[in-house]
Amino acid sequence: MHRNHRISGRARLVIAFIATAAVLGPLAWLWQASLVPGTYSMTDTGYADHGGGRAGMAMAHDTAAMPADHVMAARPVTALTADPDRPADVAATLTARKQRFHLPSGREVDGYTLNGESPGPTIRAIAGQLVSVRLVNESVPDGVTLHWHGVDVPNAEDGVAGVTQDAVAPGHEFTYRFVVAQAGTFWYHSHQVSHRQVLGGLLGALVVTPAEQPAGVTDVIALVHLYAGRRTVNGREGDLPVDVPPGHGARVRVINTDNGPMSAWVGGAPFRLVAVDGTDLTGPSPVRDRTVLVTAGGRADLEVTMPADGSPVRVNLGGSVAVVLGSRSHDAPAAPRPRTTLDLLSYGAPAPLSFDPAKPDRRFRYDIGRRPGFLDGRPGMWWSVNGHLYPDLPAFVVAEDDVVRVRITNHSGEVHPMHLHGHHAVVLSRNGVPATGSPWWTDSLNVGDGESYDVAFVADNPGIWMDHCHNLRHPAEGLVVHLMYEGVSTPFVVGGISGNDPE
Ligand code: C2O
Ligand code: CU
């Protein structure tokens, strides 16, 4: 009896030990495998996804297997610049500081400024001009960069710390040079510790106008940002009044710099949505009683014609702030938020594309989920891409001139504003329903939970490009992949002595 009991006791101990090891062993392995090294190259993490295209010659992921001359042949991102001999048409210096500052309302913000203000100075250029911006870091301890959101700049000018440059340390500077080929509404922001620096105000508007400006249209910037939890337009709380004479036009360039989608709607006149993400729509017709969903990071240009009787027009931005167009002698009418959202899948008139998305060279899927696991050793529910957790994520590999299709699917329980650097993609369908309106070119696409989008683009801008969620908390939680051109390499690393931390 006693002896049997002791044996079974020992057996139980052994079984318990084996069971514990069986559970903890894989867990320890998963934990260990999730640890992100202090310093690493973006091109060495994750795995290459060739999208059904041929595997490349000098892909950085495969360099170990490559003959040395192929590795040598890789172009560094630093070589992908604008023409170095071309002089700048527009030049600016932006000096970054970490500081407390005051909004016009008097509210104090503990954040960041450019030239002493936030939003930073608006940069204006004419399509085709070469813009040169000298970024000086006076006092941002973590370092800074500037990313030109929505502008398809050469890769070396993309401003991603640890991928296209080192973060600019206090006392240092970096000059960005790029041609703004396309007229449209863009913005710039830091891409170093971006979830903190963008929230804290290290951002501004970039507006590119066509060589021939339409007469009789007032150009209005409406950059929306949450400072210390308060929504503002151009840094102001409440209404932003703008004088526009009766019968005149106004183009309101709405820029959503926040982490979530925003509704914009117009009271007092019909409006046309004339551009999305810096690209004009074709055949936009006047609409009433519709809200426009402005994706986080995205832009929407709304055009109105002022009523002849002098009554004002109110462009509501999320409800708490508005641009009030008209003369100050009139009170702007309150306009309730319309229930229906303008559907960009069918708005405007169709027009031919410059390429055939039906014959792609590569097809990728960008499938966003959420699952339990470890992120850099931290247990939790984390964003997954194609079932994988950061840093074990795909790199979408393309060759120059490839036609690329991506199916973005979201079943993660939250909305994700997906932003691809360096390219604009055209929306082909949503939830299997084909697009029938104006070509809908986007760089920031609001992908709701349960939604799926097919988009396509031409790989015409070689480099290593982020493709991430613009709810900037999410890339910091691992929701970021890269589009990588074959034969392009980067000398920059995440971490390292520059402390590069793009998210
Ligand atoms: Cu506006 Cu990678 O961001
Ligand atoms: Cu997200």
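Presented here is a report on the structure given in the accompanying data block. (Residues numbered from 1 in each chain as written. Chains lettered and ligands numbered in written order. Predicted model: local features only at pLDDT ≥ 70, side-chain atom pairs only at ≥ 80, totals over all residues. Heavy atoms only, no water.)

## A short note on the coordination of the copper ion (ligand 2)
Thought 1: Bound to the copper ion (ligand 2) on the protein side are His-416 (ND1), Cys-469 (SG) and His-474 (ND1), at distances that span 2.0 Å.
Thought 2: In this structure His-474 comes out as buried when scored by relative accessible area, which is 3%. (Donors = N, O, S within 2.8 Å, 3.2 Å for Na, K, Ca; no water. Buried < 20%, exposed > 50% of the residue type's maximum accessible area, 1.4 Å probe, protein only.)

## Some thoughts on the sheet that holds strand E9 (residues 184-189)
Thought 1: Strand order in the open sheet made by the four strands is E5-E10-E9-E7, with mixed pairing throughout. Edge positions in the sheet fall to strand E5 (123-126) and strand E7 (147-149), since each of these pairs with one other strand and no more. Looking at each pair of strands side by side, their axes are set apart by 25° on average, direction ignored.
Thought 2: One ladder, built from six bridges, connects E9 with strand E10 (residues 203-209); its direction is antiparallel. Pairing of His-189 across the sheet is with Leu-203, part of E10. (Pairing = 2+ DSSP bridges. Helix = DSSP H or I, 4+ residues; strand = E, 2+ residues; numbered from the N terminus. Axes fitted to C-alpha atoms, helices over the stretch in contact; angles between N-to-C directions.)

## Here's the deal with the pattern of salt bridges
Thought 1: Tallied over the full model, the rule gives 26 salt bridges.
Thought 2: With its nearest N and O atoms 3.0 Å apart, the salt bridge here joins Arg-86 to Asp-89.
Thought 3: Overall, the relative accessible area of 28% leaves Arg-86 in the partly exposed class.
Thought 4: Residue classification places Asp-89 among the partly exposed positions, given a relative accessible area of 43%.
Thought 5: Among the salt bridges present, the one from Lys-359 reaches Asp-356, with a minimum N-O distance of 3.1 Å. (Salt bridge = Lys/Arg side-chain N within 4 Å of Asp/Glu carboxyl O.)

## Focus: the side chain of Ser-444
Thought 1: Take Ser-444: it is sitting in strand E30 (residues 444-447).
Thought 2: Its relative accessible area of 2% is what places Ser-444 among the buried residues.
Thought 3: Within polar-contact distance, the side chain of Ser-444 engages the backbone oxygen of Gly-297 at 3.5 Å.
Thought 4: Side chain to side chain, Ser-444 and Asp-443 meet in a polar contact 2.7 Å long.
Thought 5: Residues in contact with Ser-444, not counting those within four places in the same chain, are His-149, Asp-277, Thr-295, Ala-296, Gly-297, Gly-298, Arg-299, Met-418 and His-419. (Polar contact = N/O pair within 3.5 Å; in protein donor to acceptor, adjacent residues only side chain to side chain. Contact = heavy atoms within 4.5 Å.)

## A few points about the nonpolar core
Thought 1: Counting residues in each nonpolar core, the largest one holds 82 residues, and the members touching the most others are Leu-273, Leu-302, Leu-317, Val-323, Leu-325, Tyr-366 and Ile-408.
Thought 2: With five residues, strand E33 (residues 480-485) is the single largest residue contributor to this core.
Thought 3: Judged by nonpolar contacts, the second largest core, of 25 residues, contains Val-90, Leu-114, Ile-123 and Tyr-176. (Core = buried A, V, L, I, M, F, W, Y, C linked by side-chain atoms within 4.5 Å.)

## A word on the environment of Leu-281
Thought 1: Note on placement: Leu-281 falls in the loop between strand E17 (279-280) and strand E18 (292-294).
Thought 2: Residue Leu-281 is classed as buried on the basis of its relative accessible area, which comes to 12%.
Thought 3: For the pair Leu-281 and Gly-159, spaced 122 residues apart in sequence, the C-alpha to C-alpha distance is 28 Å.
Thought 4: Beyond its immediate chain neighbours, meaning those up to four positions away, Leu-281 contacts Leu-273, Val-274, Ala-275, Val-276, Tyr-347, Ser-438 and Pro-439.

## Some details on the pairing of strand E3 (residues 90-102)
Thought 1: Here E3 pairs with strand E6 (residues 130-137) via seven bridges, running parallel. Across the sheet, the residue bridging to Thr-95 is Val-136, located in E6.
Thought 2: Judged from the seven bridges that link them, E3 and strand E4 (residues 108-114) form a sheet pairing that is antiparallel. Paired with His-102 across the strands is Glu-108, a residue of E4.

## A word on empty space enclosed by the protein
Thought 1: Throughout the structure, instances matching the rule amount to four cavities of 30 Å³ or more.
Thought 2: There is about 150 Å³ of room inside the largest cavity.
Thought 3: Forming the walls of the largest cavity are 16 residues, and the residues nearest its centre are Ile-408, Leu-420, Ala-425, Val-455 and Asp-467.
Thought 4: Elements with a contribution of two residues or more to the lining of the largest cavity: strand E25 (403-410), strand E26 (416-420), E30 and strand E31 (452-458).
Thought 5: Within the lining of the largest cavity, the residues separate by chemical class into nine nonpolar, five polar and two charged.
Thought 6: Looking at the second largest cavity, its volume works out to about 90 Å³.
Thought 7: Lining the second largest cavity are Met-42, Thr-45, Gly-46, Tyr-390, Pro-391, Leu-393, Pro-394, Ala-395, Val-480, Val-481, His-482 and Met-484.
Thought 8: By residue number, the principal contributor to the lining of the second largest cavity is E33, which donates four residues.
Thought 9: Looking at the lining of the second largest cavity residue by residue, the classes come out as nine nonpolar, three polar and no charged. (1 Å grid on protein atoms, 1.4 Å probe; cavity = no way out; pocket = protein on both sides within 12 Å on 5 of 7 lines; lining within 4 Å. Points joined across faces, edges and corners; volume = space filled by probe spheres on them. Nonpolar A, V, L, I, M, F, W, Y, C, P; charged D, E, K, R; others polar.)

## Thoughts on the pairing of E33
Thought 1: With six of six residues buried, E33 lies mostly within the body of the structure.
Thought 2: Examined bridge by bridge, strand E24 (residues 394-398) and E33 share four bridges and lie parallel to one another. If you follow Val-397 over to E33, its bridge partner there is Met-484.
Thought 3: Bridge count between strand E32 (residues 464-469) and E33: five bridges; the pairing is antiparallel. If you follow Ile-464 over to E33, its bridge partner there is Met-484.

## Points about the environment of Asp-401
Thought 1: Position of Asp-401 among the secondary structure elements: in the loop between E24 and E25.
Thought 2: The exposed category is assigned to Asp-401, whose relative accessible area is 56%.
Thought 3: In sequence terms Asp-401 and Asn-461 are 60 residues apart; their C-alpha atoms lie 8.5 Å from each other.

## Re the side chain of Thr-490
Thought 1: Within the secondary structure, Thr-490 is located in the segment after strand E34 (488-489).
Thought 2: A polar contact of 2.6 Å, which involves the side chain of Thr-490, links it to the backbone oxygen of Val-163.
Thought 3: Among the polar contacts made by the side chain of Thr-490, one reaches the main-chain amide nitrogen of Phe-492 at a distance of 3.0 Å.
Thought 4: When residues no more than four places from it in sequence are discounted, the contact partners of Thr-490 are Ser-41, Thr-43, Val-77, Val-163 and Ile-464.

Spatial relationships are all this shows, so hold off on functional conclusions.
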